[in-house]
Amino acid sequence: NKYSPDPYKDFRVSMQEMIEARNLTDVNKDWEFLHELLLCYLTLNPENTHKFIVTAFTDIVVCLLSSSSPESDTPENRRR
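Just so we're clear, the structure is a prediction, and the values are computed from it rather than from any experiment.

K.L.:
I keep staring at the confidence of the model for the chain and nothing clicks. Help me out?
P.N.:
Caution applies to low-pLDDT parts of the model: their predicted coordinates are not meant to be read in detail. Averaged over every residue, the pLDDT of the chain is 87; the share at 70 or more is 82%. The element-level mean pLDDT for the chain is lowest in helix 4 (residues 75–79), coming to 46, with helix 2 (residues 31–44) highest at 97. Low pLDDT (under 50) marks residues 72–80, which in the prediction has three contacts with non-local residues, meaning those over four places away or in another chain.

Have a look at this one:
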C-alpha cells in the first residue's frame with residue numbers, strides 16, 4: 001500500500017500513460033478498453049482510493065471527448 005500526497009494525480013498520470021501507449025483517441029470505438037482499464041484500477045486498488053480513480057478516469061474521458069470533436073467547442077455551440 002503506497003501513500004501518495006496526491007492520489008488523483010498519480011492515478012490520472014498512470015491511466016493517461018496506458019491510454020497513450022495504446023494510441024487511443026476515439027472514446028466510442030475504444031470504450032471496451034477504457035471500461036476494462038477502469039475495472040482493473042478499481043480491482044487492484046483499495047476502496048478508499050476508488051473516488052480518486054473514478055474522478056481521474058472521468059476527467060480523462062471528458063478530455064478525450066472534447067479533443068476528438070473540436071467543432072463542438074465553438075462559441076456558438078457553447079451558448080446552446
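Continuing now.
K.L.:
What should I look at first to understand helix 1 (residues 7–21) in this one?
P.N.:
At 3.6 residues per turn, the α-helix brings residues three or four places apart onto the same side. Across its 15 residues, helix 1 extends 21 Å between first and last C-alpha, which sits within 8% of the 21 Å expected from 1.5 Å per residue. Within the sequence span of helix 1, burial applies to Pro 7, Phe 11, Met 15 and Ile 19. Take helix 1 and look down its axis: the buried residues cluster within an arc of 95°, on one side only. Of the exposed residues in helix 1, those oriented more than 90 degrees away from the buried face are Glu 17, Glu 20 and Ala 21. Of the surrounding elements, those touching the buried residues of helix 1 are helix 2 and helix 3 (50–68).

K.L.:
Even after reading the chapter, I still don't get helix 3, so can you show me in this structure?
P.N.:
Between its first and last C-alpha, helix 3 extends 27 Å over 19 residues, near the 27 Å set by a 1.5 Å rise per residue. When helix 3 is considered as a whole, its buried residues turn out to be Ile 53, Ala 56, Phe 57, Ile 60, Val 61 and Leu 64. The buried residues of helix 3 occupy an angular sector of 130° when projected down its axis, which confines them to one face. On the buried face of helix 3, the contacting elements are helix 1 and helix 2.

The rules behind the values
- Residues numbered from 1 in each chain as written.
- Predicted model: local features only at pLDDT ≥ 70, side-chain atom pairs only at ≥ 80, totals over all residues.
- Heavy atoms only, no water.
- pLDDT = per-residue confidence, 0-100.
- Helix = DSSP H or I, 4+ residues; strand = E, 2+ residues; numbered from the N terminus.
- Contact = heavy atoms within 4.5 Å.
- Expected span 1.5 Å × (residues − 1).
- Buried < 20%, exposed > 50% of the residue type's maximum accessible area, 1.4 Å probe, protein only.
- Arc of directions from axis to C-beta.

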